[in-house]
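A closer look at the structure
So the chains spell out like this:
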Amino acid sequence: MEFKRNILCIGAGYVGGPTMAVIAQKCPEYRVEVVDINEARIDAWNSDEIPIYEPGLDEVVKEVRDKNLFFSTDIPNGIKKADIIFVSVNTPTKTFGEGAGMASDLQYWEKTAHEIVAHSDKNKIIVEKSTLPVRTAEAMERILKANSRGIKFEVLSNPEFLAEGSAVRDLYEPDRVLIGAHRSDDGLEAERELVDIYAHWVPRERIITTNLWSSELSKLVANAFLAQRISSINAISALCEKADADVSEISYAVGSDSRVGAKFLNSSVGFGGSCFKKDILNLVYIAKSYGLAEVAEYWEWVVRMNEYQKERFVRRIVKEMFNTVAGKKIALFGFAFKANTGDTRESPAIMVTERLLEERALVSITDPKALDNAKLDLSEMNGAVTYEPDPYKAADGAYAIAVMTEWQEYKDLDFEKIYASMKKPAFIFDGRNILDHKKLYEIGFNVYPIGKSALTHFE
Ligand code: UDX
Ligand code: ADP
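What counts, and at which threshold
Residues numbered from 1 in each chain as written. Chains lettered and ligands numbered in written order. Predicted model: local features only at pLDDT ≥ 70, side-chain atom pairs only at ≥ 80, totals over all residues. Near = placed C-beta within 6 Å. Helix = DSSP H or I, 4+ residues; strand = E, 2+ residues; numbered from the N terminus. Nonpolar A, V, L, I, M, F, W, Y, C, P; charged D, E, K, R; others polar. Domains from an automatic or database assignment. Core = buried A, V, L, I, M, F, W, Y, C linked by C-beta atoms within 7 Å. Buried ≥ 20, exposed ≤ 12 C-beta atoms within 10 Å, placed from the backbone. Contact = placed C-beta atoms within 7 Å. Pairing = 2+ DSSP bridges. Axes fitted to C-alpha atoms, helices over the stretch in contact; angles between N-to-C directions. Left-handed = near helix turned anticlockwise from the far one by under 90°. Parallel < 35°, antiparallel > 145°, perpendicular 65-115°, else oblique. Expected span 1.5 Å × (residues − 1). Bend = angle between axes of the 7 residues up to and from the residue.

Quick notes on the site of ligand 2
In the region of ligand 2, 21 residues are neighbours, and Gly11, Gly13, Val15, Asn90 and Tyr108 sit closest. With 3 residues, helix α5 (residues 107-119) is the largest single contributor of residues to the shell around ligand 2. Tallied by class, the residues present in the shell around ligand 2 amount to 9 nonpolar, 9 polar and 3 charged.

Given below as structure tokens:
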């Protein structure tokens, strides 16, 4: 079959894989290829066990794979054929040199730009999909334009707003699609090409077009605002625990003001995920590099409050368990950074485990999807950790349970049975406020929610 256009996506990760699968499904006249340097990952995309767990994704991939969606490691050939190239390689926070711990590490991304130049023999549209620091498009253009063959590359920014666990739904029904382009004739023409792709299923009024820099910055700001809401309510949760107020009631009361809105006001042990911290630190770095110290500090506090919340959670566990957890088994219910994903990047559970191990606790981790990743995350940590798919076994003989992830199945567990198998006094620290605290208390647990008074049987 003759395809209208060839789309290539470089980077078969959390962003590239699902996005391309949905584009292929919605645009059957386009040929979509996803390439990656990671052979195992590409093999997985071509197998029955795709490498990412996302509700609904499996079906989409199976429907279009080998029809107009292809996964390959042949990057040069993919680049050659492509009319439109999405770049969604990873951009972790730099761990070395200038900007370490804050700026994005752009080495994968720059390598990609050089590869595009090396293997292109016709004009192409390049779409930035990875979250990148503002003005990266400009740097990319410089690399792309430094070719002597007269090939024109038009760079667009098209940040991804999908959230893990709801990626397919977010792709099907996005609040908005954002496309940034130069306001030149070539820029606007490239923009139209990309708008046409999304317009296959997204209403036009939800496709926002801006200049390149606004688009790049909007992505960072969107995530910074979301994370800020969580840090704001978490700051209040600390106050609630002291002041005998209930953070859930406060969230509801405050979120009922339509100007504030109800979403993203659930207090928790802290936010995780690959984006929030990274994007905020990026914003902080950019602000600092423009000499805007107050702006940088303002946003930096969103991350600091998150660290405080995680630390506070562990401190509370140790304090309430008579100031020692040494030699005590503690079951962590959940390790993923949120429910419905196996992803553990920046999961609060990592820091909580590390701190509990420092206190010499025996940590037993259970999670329906994230145990493999947990093992990788903790491989270099010293201490007693066990991994147990069955939550009942994880809690067997434990002194305490700490809920780290809001998995639905934890709400439906038989806590009478769990209580019976635990050491007494038995503690539950609900880092997600998902359990029925009153019922747990009646069973006999000492219950410590986030941002609410504890329910204990102690005098
Ligand atoms: C986020 C953005 O939502 C998405 O638009 C962007 O493209 C990528 O980053 P994601 O990291 O998948 O998506 O997860 P999200 O659902 O935003 O949750 C982030 C973290 O905040 C999780 O650890 C979650 O448990 C926590 N959270 C979320 C809270 O603690 N309270 C809330 O009310 C909401
Ligand atoms: P994201 O959440 O941004 O999608 P991931 O880490 O899940 O990030 O995916 C990024 C993917 O990009 C990884 O599978 C990685 O192997 C791939 N990648 C990194 N550098 C290159 C490159 N130069 N060429 C092709 N793929 C790359």
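From this point, the discussion proceeds with the structure in view.
Comments concerning the site of ligand 1
Around ligand 1 lies a shell of 19 residues, among which Asn266, Ser268, Phe271, Gly273 and Cys275 are the nearest. Per-element tally for the shell around ligand 1: the top contributor is helix α9 (residues 212-243), with 3 residues. Partitioned by chemical class, the residues of the shell around ligand 1 number 11 nonpolar, 5 polar and 3 charged. Residue-level mapping places the shell around ligand 1 at the junction of two domains, with at least three residues from each of domain 1 (5-210) and domain 2 (212-459).

Concerning the domain arrangement of the protein
How big an interface is tends to be stated in terms of accessible area lost as the parts join. Split by domain assignment, the protein resolves into domain 1 (5-210) and domain 2 (212-459). Secondary-structure elements contributing two or more residues to the side of domain 1 that touches domain 2 are α6 (136-145) and β7 (177-180). Per-element accounting of the side of domain 1 that touches domain 2 gives the leading share, 3 residues, to β7. Along the lines of polarity and charge, the residues of the side of domain 1 that touches domain 2 split into 13 nonpolar, 10 polar and 2 charged.

Regarding the nonpolar core
Judged by nonpolar contacts, the single largest core of 69 residues is most densely connected at Ile280, Ile330, Leu332 and Ala402. If we skip the residues at most four places from it in the chain, Ile330 touches Val325, Leu356, Ala361, Val363, Ala398, Tyr399, Ala400 and Ala402. One finds Ile23, Val34, Ile50 and Leu106 within the second-largest nonpolar core, a separate group that totals 59 residues.

Here we look at unusual backbone geometry
Lys424 connects to Pro425 through a cis peptide bond whose omega is 0 degrees. With respect to the helices and strands, Pro425 occurs in the loop between α17 (415-421) and β13 (427-430). A positive phi angle is found at Glu346, which is not glycine, with a value near 60 degrees. Mapped onto the secondary structure, Glu346 falls in the loop between β9 (329-333) and α13 (348-358). For Glu346, a count of 20 C-beta atoms within 10 Å translates into the label buried. Residues other than glycine seldom take positive phi values, yet Asn433 does so here, at roughly 50 degrees. With respect to the helices and strands, Asn433 occurs in the loop between β13 and α18 (437-443).

Details of the sheet that holds strand β12 (residues 400-403)
If you trace the 6 strands from one edge of the open sheet to the other, you get β11-β10-β9-β12-β13-β14, paired in parallel fashion. Taken across any chain shown, the strands that pair with only one partner, and hence form the sheet edges, are β11 (385-387) and β14 (446-449). Between one strand and the next, the sheet's axes are offset by a mean angle of 20 degrees, whatever the strand orientation. Sheet topology note: the strand β10 (residues 362-366)/β11 ladder contains 3 bridges and is parallel. Following the sheet pairing, Val363 is matched in β11 by Val385.

A look at the environment of Ser157
By the element assignment, Ser157 lies in strand β6 (residues 153-157). According to the C-beta neighbour criterion, Ser157 is buried, with 27 such atoms within 10 Å. With 59 residues separating them in the primary sequence, Ser157 and Glu216 have C-alpha atoms 6.4 Å apart. Beyond its immediate sequence surroundings of up to four residues, Ser157 is in contact with Glu128, Ala137, Gly180, Leu212, Ser215 and Glu216.

With respect to the packing of α9 against helix α11 (residues 276-289)
Contact pair α9 / α11: the axes reach a minimum separation of 9 Å and the direction vectors enclose 115 degrees. The hand of the α9/α11 crossing is left-handed. The residues of α11 that touch α9, namely those facing Leu220, Asn223, Ala224 and Ala227, are Phe276, Asp279, Ile280, Asn282 and Leu283. Split into classes, the residues belonging to the contact of α9 with α11 amount to 6 nonpolar, 2 polar and 1 charged.

Some remarks on the packing of helix α12 (residues 293-320) against α13
A pair of packed helices can be characterised by two numbers: the angle between their axes and the separation between those axes. Put simply, α12 and α13 touch, their axes get as near as 10 Å, and they point 40 degrees apart. Judged on the interaxial angle alone, α13 and α12 are oblique. In the packing of α12 onto α13, the handedness of the crossing is right-handed. In this structure, α12 uses Lys310, Phe313 and Val314 to contact α13, whose residues at the interface are Pro348, Met351, Val352, Arg355 and Leu356. Considered class by class, the residues forming the contact of α12 with α13 number 6 nonpolar, no polar and 2 charged.

Quick look at α12
Helix length check: α12, at 28 residues, gives a terminal C-alpha distance of 39 Å against a target of 40 Å (1.5 Å per residue), a fit within 8%. Maximal helix bending in α12 amounts to about 25 degrees, located at Trp301. All buried positions along α12 are accounted for by Ala296, Trp299, Val302, Val303, Asn306, Gln309, Lys310, Phe313, Val314 and Ile317. Those residues of α12 that are buried are in contact with α9, α11, α13, β12 and β13. Immediately downstream of α12, the backbone of Phe322 shows phi near 65 degrees, a positive value.

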